[in-house]
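Fold and geometry: a report
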Amino acid sequence: MTTSAPTSRSSRFDGTREEAEQYDASDPLGFLRDRFVHAEPDLLYLDGNSLGRLPADTPDFVADVVRGGWGRGLIRSWNDWIDWSRGLGDRLAEHVLGARPGEVVLSDSTTVNLYKLAWAALDLAPGRRTLVVDAEDFPTNRYVAQGLARQRGLDLRVLRTDMDGGPDLEELRAALDDDVALVVLSHVSYRSGALTDMSAVNAMAREAGALVLWDLSHSAGSVPVRLDEDGADLAVGCTYKYLNGGPGSPAFLYVRRSLQARLRQPVQGWFGQREQFAMAADFEPVESVDRFLTGTPPMLSTAALVPALALVEEAGVDRLRAKGRLLGELAVDLTARWLQPLGFRLASPAQPERRGSHVTLWHADAWRICRALADDAGVVCDYREPDRLRIGPSPAYTRFTDVWDALDRTRRLVESGGHTRLPREKGRIT
Ligand SMILES: *Cc1c(COP(=O)(O)O)cnc(C)c1O
């Protein structure tokens, strides 16, 4: 409970809808909205950080891969497909991740990549027996780390973190000693949106002789990432959030070039093998980032990333960041004006430069409010435990008026008490 909304006096906004309309009219990314499918024009979709919208070009592109590539080309299409995971990885490296060619590849899911890279990193420092994780990190990261600690007999050191403020760098510094092999952290926290200083963390870890494995799931496509410049060793992230690759689209992994030859991952599959089609008797990892691949990539969902990535490249991450930050500032401003008196409180860092592209609000009845917004008010956002409403206005296709209208509908809903008619029980997916 350390953060609170700034008062509206310190804001750049006046809180009127006309003003939001003006921001839309002068939005340099306004043209992008029509490049996405809006099947329900009145739906206010503030959940692009969980599942990005469908790009308008994706259905035809994927259909071509299905009909032409699979239907007509059959096995011959693999001559082309075999390079896609790397080709798209290089595009991500250049336009989204601030990495060099040959350092990024698409593979598996974020969870699996996290496991593979963490395993490989732990092998590099056999004398070090401690793995550091953040208590408030996305569950899969903690679960993977717990499993690794059990399988390898390591100690897990859990950073106590302010749920709304993000990891505390002094706390992290205190946790780093010569027994720490690896630190696993998210760049943008899934719950609060807190943005962690990647360069500072990498420097701190390097000094302690540890590696850092970054999860970029909520950063990729929403905030500039400079893996190379910021001295990052390892990273993973998903492509279905701000990158709009579609449900379960393949994740990416990054390994700094100078580390690649020294790392071996635990899943020795044929896609990581030197001269894969020589079908050699024994596994020998290829000398490139491909050594972190496992088996046959899912080409249909890989294909969905082609049009999606083109949009992010056209927009440019710097412009996406600038707009995402403003959308968040508008949400925070309207929260202070309208929602704070109704029992909401900002559950994200108050300073916009310390947030990614989503904003989280605490309310004692957040679950029912979230449900009622979706069922009765045409506003889709996320509920996150405990008692938090997560608002993710993806800058690629969300208008300033969408944020204004969504918070206006939220204010009306809570004022009318409409949400209190719903049961308190939660569903399987929140
Ligand atoms: C969304 C998300 C994931 C997702 O992992 P999957 O393996 O794709 O399910 C992982 N980490 C973070 C921080 C996320 O936000």
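Residues numbered from 1 in each chain as written. Predicted model: local features only at pLDDT ≥ 70, side-chain atom pairs only at ≥ 80, totals over all residues. Heavy atoms only, no water.

Re the pairing of strand S13 (residues 388-391)
Selection rule: The buried label applies to any residue whose accessible area, calculated with a 1.4 Å probe on protein chains only, is under 20% of its type's maximum; exposed applies above 50%, and partly exposed to all values in between. Numbering of helices and strands runs from the N terminus, with a helix taken as a DSSP run of H or I at least four residues long and a strand as a DSSP run of E at least two residues long. For two strands to be treated as a pair, DSSP must find no fewer than two bridges joining them.
The two faces of S13 match: Arg388 and Arg390 on one face and Leu389 and Ile391 on the other face are all buried. In this sheet, S13 lies alongside strand S10 (residues 359-362) in antiparallel orientation, the contact comprising four bridges. Along S13, the bridge assignment pairs Thr360 with Arg390. Both strand S12 (residues 382-384) and S13 contribute to a ladder of three bridges, which runs antiparallel. Across the sheet, the residue bridging to Tyr383 is Leu389, located in S13.

Some details on the UniProt feature "modified residue: N6-(pyridoxal phosphate)lysine" (unreviewed entry) in the protein
The condition that has to hold: UniProt positions are given in the numbering used here, feature names are shortened, and annotations may be inferred rather than shown by experiment. A contact between two residues is defined here by any heavy atoms of the two lying within 4.5 Å.
When the UniProt feature table is mapped onto this chain numbering, "modified residue: N6-(pyridoxal phosphate)lysine" (unreviewed entry) sits at Lys241. With respect to the helices, strands and loops of the structure, Lys241 is situated in the loop between strand S7 (234-237) and strand S8 (252-255). Residues contacting Lys241, with those up to four places away along its chain left out, are Gly48, Asn49, Ser50, Gly52, Ser217 and His218.

What to know about the state of the cysteines
Stated formally: We call a pair of cysteine sulfur atoms a disulfide whenever their separation is within 2.5 Å.
Taken as a whole and assessed by the stated rule, the structure comprises zero disulfides. Counting only cysteine sulfurs, Cys381 is the nearest neighbor of Cys370, a cysteine outside any disulfide, at a range of 4.5 Å.

Regarding the domain arrangement of the protein
Cut-off, in case you're wondering: Domain delimitation follows an automatic or database domain assignment. Here the buried area means the combined drop in accessible surface, using a 1.4 Å probe, for two parts upon being joined, counting both sides. What counts as a salt bridge is simple: a side-chain nitrogen of Lys or Arg found within 4 Å of a carboxyl oxygen of Asp or Glu. Here a polar contact is recorded for every N or O atom pair within 3.5 Å, except that within protein the pair must consist of a potential hydrogen donor and a potential acceptor, and residues adjacent in sequence are included only if both atoms are side-chain atoms.
Domains assigned within the protein are domain 1 (17-35 + 316-421) and domain 2 (59-313). With 26 residues of domain 1 at the interface, the matching set in domain 2 holds 24 residues. When residues of domain 1 are sorted by the area they lose upon contact with domain 2, Val317, Arg354 and His358 head the list and together hold 26% of the total. At the junction of domain 1 with domain 2, the criterion picks out two salt bridges. Across the salt bridge formed by Asp164 and Arg388, the nearest N and O atoms sit 2.9 Å from each other. Here domain 1 and domain 2 share 14 residue pairs in polar contact (both at pLDDT 80 or more) between them.

Looking at the packing of helix H13 (residues 366-376) against helix H14 (residues 400-416)
Rules: Orientation is described by lines fitted to C-alpha atoms, with helices fitted over the stretch in contact, and by angles between N-to-C directions that extend from 0 to 180 degrees. What makes a crossing left-handed is the near helix being turned counterclockwise from the far one by less than a right angle; a clockwise turn instead makes it right-handed.
Closest axis-to-axis distance for the H13/H14 pair is 10 Å, and the angle between their directions is 115°. H14 is crossed by H13, and the crossing has right-handed handedness. Residues Ile369, Ala372 and Leu373 of H13 touch H14, and the partners they reach there are Arg409, Thr410, Leu413 and Val414.

Brief notes about the sheet that holds S7
Consider a sheet: its strands pair through backbone hydrogen bonds, and that pairing is either parallel or antiparallel. Across the sheet, which stays open at both edges, the seven strands sit in the order S2-S8-S7-S6-S5-S3-S4 with mixed pairing between neighbours. Looking at the sheet topology across the chains shown, the edges are occupied by strand S2 (104-106) and strand S4 (155-159). Each adjacent strand pair in this sheet contributes to an overall mean axis angle of 20°, direction not counted. With five bridges connecting them, strand S5 (residues 180-186) and strand S6 (residues 211-215) associate as parallel partners. Across the sheet, the residue bridging to Leu185 is Trp214, located in S6. Across the sheet, helix H6 (residues 139-152) lies against strand S3 (130-134), S4, S5 and S6, angled at about 165° from S3, the strand it touches most. Taken strand by strand, helix H8 (residues 198-208) contacts S5 and S6, and its axis lies near 155° from that of S6.

A look at the pairing of S6
Where we set the bar: With the strands pointing away from the viewer, any crossover whose connection runs clockwise from the first strand over the helix to the second is right-handed.
Burial analysis of S6 places five of its five residues in the buried class, the great majority of the element. Side chains Leu211, Leu213 and Asp215 of S6 all project onto a buried face; the interleaved residues Val212 and Trp214 project onto the opposite face, where all are buried too. Crossover handedness for the path S5 to H8 to S6: right-handed. Across three bridges, the pairing between S6 and S7 is parallel. Bridged to Trp214 within S7 is Ala235.

Examining the environment of Gln260
With respect to the helices and strands, the residue Gln260 is situated in helix H9 (residues 257-260). As for Gln260 and Glu287, which are separated by 27 residues in sequence, their C-alpha atoms are 7.5 Å apart. Ignoring sequence-local partners within four residues, the contact set of Gln260 consists of Gly102, Glu103, Val255, Ser288, Val289, Arg291 and Phe292.

Describing unusual backbone geometry
Each neighbour pair has its own omega, and for Glu385 with Pro386 the value is -10°, a cis peptide bond. Along the chain, the position of Pro386 falls in the loop between S12 and S13. At Asp108, a residue that is not glycine, the phi angle is positive and equals roughly 50°. Counting through the fold element by element, Asp108 comes out in the loop between S2 and helix H5 (110-124). For Asp108, a relative accessible area of 29% translates into the label partly exposed. The phi dihedral of Met279 is positive, around 55°, even though this residue is not glycine. Residue classification places Met279 among the exposed residues on the basis of a relative accessible area of 55%.

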